[in-house]
Amino acid sequence: MKTINRLAVIILLISGVFGFASTSQATDIVPGSALEKEMKEMVERGILSGYKDGSYKPTASVTREQFAAFINRALNLPAGIHPFKDVPKNSSLSNEIGAAYSAGLMVGVTESTFRPTANITREQMAQTLKNVLAYQEMELVEERIEFSDADDFVSSGGIRAVFNIVHYGITEGIPDGKGGLKYGPKDIASREQAAAFIYRFLLAHEEASAPPILPDVPNDGSAYYLGYVDNGVLVKQQYGHKEYQLAAESFKNVPTAQAIFKGDEIIRIKSGLAYGNRVSGSGVKEVTTIYYDSQFSKQATYIEHGRELRYIDANAEFVKVQVGGTIGFAKHSEVDFVPAELITSRDYYLKNQWGTLEHHQYNYVTKSRASHSIGPAPSEMVAGVKYYSKDGVHFANEAGVTQFVHYPYFQYQSVRTKTNYTAAQLDQFVMNRLKGVTTSSGTYKDAVTRSKLIGKGKYFIEMQNKYNINALFMLAAAMHESAYGMSANAQTKNNLFGIRVFDGSPHEGTVYSQPEGSIDAFAREYMNRNYANPLGGYANGASPGNKTTGFNVSYASDPTWGAKVAGHMFRADLELGKKDIGQHKLGITNTASTNVRNAPNGPTVLYQFKRSELGVNNAFGYPVVILGSQQANDGYIWYQVISDLNPDTDTNNGVGWIRSDLVDEIN
């Protein structure tokens, strides 16, 4: 963990950013004010000095350049440079901005502008402090609070940053006067708030940095032991190693050793599988986060409790795994293992008697099985034979040898397409499904009369035409998320899409006066603003996808959410006449950075697919729909594709152009 030179640096910091004054002249720190304690603690420590007239101006605003300086000097950052044209090089705070920018703690409002004298908002302050936590190698843990003004956040990344700093006691929210809490993301941060946030961060950092008190002799929790399989049970050896490296060397040299324990916890196996197994201190089952790096600073995706992960390797610090097409790193506290010799159940795929691709999945915590259909099985599959795939695209035999590659159509079709079905046909499909699931008791009691999806076909079509989001996709997502309109959130809150429902709090969720409200929000706020829009906060491609590309990366912890939504689309299409499947030529980008232009070799970049991680075999770029092709004056063939842009900001008639060598056709 990086060191903070607290007193030497922060006394200079507060003097430079907050002004000068004697610490005995706290003339305007109001007794009984919300932040009186934090302000006085800063004064008593000699950190906050104030102004020459003895004032501290606790309620005055803080600018972006001042906060950059605050962070820079608090962390004692190395010198850095910045690209911002609106920050003069001779500015007194230019160096502080350069240091904060180079460390990745603050960014500009554009690539070339920083707006140094603009006031910093509370949301921006939280995002910066979340970056500070990561920079200081402090664990990023989300401790969720239900803020009454959650919809005021500019991005979901902003509210998640607040959840990160809530975990360390940096903020608790503000009473909203209605018995709840608000955060005030758009409010301008005051000097007392900035001082208090930084002060609380220092306390949290000091606590996290404190050296542990170790016993003279390692106890079971700090020693490392080899594990062996004996009569179908993994057994820990009696004598352990004080150091991990000694245990690892023994593990390598002893053929019968199948695992390494730290205390009673398995931290490494020779071969086998891993699964998500994170539980909060209060016993709530949580998602397991997968990171791109072994320092856990850049999140890739996440997976629900009990679900299978491909195990690759592990050491004392991390577990290397694959989920979807993403290879990344997980924390030991969030996964568990099954050595190869003890595997009795696992996920697999089948081609059933009707020629449909089925995924049979296993939950390693609940010991339960479930299955779902995805779409037509590829011709290479032999009916009744089990195939194995971690990404739902590369299918292997039991020996692990890849047999074929198959991208299920509806899973990778852009939602910027339009269904060929009418509102009446969508309603017909809904009613037929409800007749099949309705019961006299339980979740589906009287579904044919009570489902919140009844008669919504017209509205789905209206939203498709208004927001350019495929109506069949929206219906399929609603059917999956709301249990055909019969879930508790659908019935009591008119919430058809699990909006703001988290794994640790499934009873929560946004309340809508009518089901149409959640359909509109799903299309407008979630798809067009964040998920389907390449400029959005969760831009990973405009299709359901998997845990590496598409909505499934960030929308749901279920690693097969995209495949399940595709399955609903497939069943509807099969029943209604197969008018949608295969109607478009699909492709997927194959480079880390792909420009979508306004014309073949055109001068204007409409948007860019920026993700650098393309998954195993570079097979998971961004899905596109290919409308046609044309040779340009640069000698290349260019593909015309359906634009992923929000139609409200699209200026190119809903299309774009990509050089054909940057796209692989997938159907």
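Anything mentioned here points back to the structure above.
1. Brief notes about the overall build of the protein
Right, on to step 1. Secondary structure summary: the protein contains 16 helices and 27 strands in total.
Right, on to step 2. Taking all 667 residues of the protein together, 53% fall into the buried category.
Right, on to step 3. Once local pairs closer than 6 in sequence are excluded, the contacts in the protein between residues at least 24 apart make up 64%.
Right, on to step 4. Accessible surface for the protein amounts to roughly 29,000 Å². Of this, 49% is attributable to carbon and sulfur atoms.

2. Examining the pattern of salt bridges
Right, on to step 1. For the coordinates displayed, the defined rule picks out 16 salt bridges.
Right, on to step 2. The residue Arg268 makes a salt bridge to Asp313 at a minimum N-O spacing of 3.9 Å. Of the two residues, Arg268 sits in strand S6 (residues 265–269) while Asp313 sits in strand S12 (residues 308–314), which places them 45 residues apart along the sequence.
Right, on to step 3. Since its relative accessible area comes to 35%, Asp313 is described here as partly exposed.
Right, on to step 4. Salt-bridge contacts for Glu304 lead to Arg307; the nearest nitrogen and oxygen are separated by 2.6 Å.
Right, on to step 5. Overlapping salt bridges bring together Glu304, Arg307, Asp558 and Lys564 as one network.

3. Comments concerning the nonpolar core
Right, on to step 1. The biggest cluster of nonpolar side chains holds 62 residues, and the ones touching the most others in it are Phe460, Ile469, Phe473, Phe497, Phe551 and Tyr555.
Right, on to step 2. At the level of secondary structure, the elements contributing two or more residues to this core comprise helix H9 (409–412), helix H10 (423–437), helix H12 (457–467), helix H13 (471–481), helix H15 (515–531), helix H16 (561–576) and strand S21 (585–589).
Right, on to step 3. Looking at this core, the element that brings in the most residues is H13, giving nine residues.
Right, on to step 4. For Phe551, the residues in contact, after removing those within four places along its chain, are Val415, Phe473, Met527, Tyr531, Ala532, Gly541, Ala542, Ser543, Pro544 and Trp561.
Right, on to step 5. Ranked by size, the runner-up nonpolar core spans 42 residues in total, among them Met125, Ala126, Ile159 and Ala189.

4. Regarding unusual backbone geometry
Right, on to step 1. Notably, Glu137 is not glycine yet its phi reads approximately 60 degrees, a positive angle.
Right, on to step 2. With respect to the helices, strands and loops of the structure, Glu137 is situated in the loop between helix H5 (122–135) and helix H6 (156–167).

5. Quick look at the sheet that holds strand S3 (residues 224–230)
Right, on to step 1. If you trace the four strands from one edge of the open sheet to the other, you get S4-S3-S5-S6, paired in antiparallel fashion. Taken across any chain shown, the strands that pair with only one partner, and hence form the sheet edges, are strand S4 (233–236) and S6. When the angles between neighbouring strand axes are averaged without regard to direction, this sheet yields 35 degrees.
Right, on to step 2. Contacts from helix H8 (residues 244–253) reach S3, strand S5 (257–262) and S6 within the one sheet, and its direction differs from that of S5 by about 170 degrees.

6. Quick notes on the side chain of Ser518
Right, on to step 1. Of note, Ser518 is situated in helix H15.
Right, on to step 2. Within the structure, Ser518 has its side chain in polar contact with the backbone oxygen of Pro515 (distance 2.9 Å).
Right, on to step 3. Ser518 has contacts with Asn494, Asn495, Leu496, Phe497, Ile499 and Tyr512, leaving out every residue within four places of it along the chain.

7. Focus: the sheet that holds strand S17 (residues 356–363)
One key point about sheets: their strands pair by backbone hydrogen bonds, in either a parallel or an antiparallel sense.
Right, on to step 1. Pairing is antiparallel across the open sheet formed by three strands, whose spatial order is S16-S17-S18. For this open sheet the edge positions go to strand S16 (348–351) and strand S18 (368–376), each flanked by a neighbour on one side alone. In this sheet, neighbouring strand axes are inclined to one another by 25 degrees on average, regardless of whether the strands run parallel or antiparallel.
Right, on to step 2. Sheet topology note: the S17/S18 ladder contains eight bridges and is antiparallel. In the sheet register, His360 faces S18, and the bridge partner there is Ser371.
Right, on to step 3. Here H16 sits on the sheet in contact with S17 and S18, set at roughly 55 degrees to S18.

8. Focus: the packing of aromatic side chains
Right, on to step 1. Scanning all chains against the criterion turns up 29 aromatic pairs.
Right, on to step 2. Both rings, one in Phe609 and one in Tyr622, keep their centres 4.3 Å apart while their planes meet at 10 degrees; by these two values the pair is stacked. Linking Phe609 in strand S23 (residues 605–609) with Tyr622 in the loop between S23 and strand S24 (623–631), this pair joins segments that are 13 residues apart in sequence. Judged on exposure class, the residue Phe609 and its partner Tyr622 are both buried.
Right, on to step 3. Through pairs of rings, three or more aromatic residues link up here, namely Phe473, Phe497, Phe522, Tyr531, Tyr538, Phe551, Tyr555 and Trp561.

9. Details of the pairing of S3
Right, on to step 1. Where S3 and S5 come together, five bridges link them in antiparallel fashion. The residue of S5 that forms the bridge with Tyr225 is Phe261.
Right, on to step 2. Inspection of the sheet shows S3 paired to S4 by four bridges, in the antiparallel sense. Looking across to S4, one finds that Asp230 is bridged to Val233.
Right, on to step 3. Connecting S3 to the antiparallel partner S4 that follows it, the hairpin turn spans two residues, and Asn231 within it adopts a positive phi of roughly 55 degrees.

10. With respect to helix H4 (residues 94–102)
Right, on to step 1. Regarding H4, the residues found buried are Ser94, Glu96, Ile97, Gly98, Ala99 and Ala100.
Right, on to step 2. Summarising the contacts, the buried residues of H4 are in contact with helix H3 (64–75).

Procedures and definitions
Residues numbered from 1 in each chain as written. Predicted model: local features only at pLDDT ≥ 70, side-chain atom pairs only at ≥ 80, totals over all residues. Heavy atoms only, no water. Helix = DSSP H or I, 4+ residues; strand = E, 2+ residues; numbered from the N terminus. Buried < 20%, exposed > 50% of the residue type's maximum accessible area, 1.4 Å probe, protein only. Contact = heavy atoms within 4.5 Å. Areas by Shrake-Rupley, 256 points an atom, 1.4 Å probe, with all protein chains shown as cover. Salt bridge = Lys/Arg side-chain N within 4 Å of Asp/Glu carboxyl O. Core = buried A, V, L, I, M, F, W, Y, C linked by side-chain atoms within 4.5 Å. Pairing = 2+ DSSP bridges. Axes fitted to C-alpha atoms, helices over the stretch in contact; angles between N-to-C directions. Polar contact = N/O pair within 3.5 Å; in protein donor to acceptor, adjacent residues only side chain to side chain. Phe/Tyr/Trp six-rings, centres within 6.5 Å; stacked < 30°, edge-to-face > 60°.

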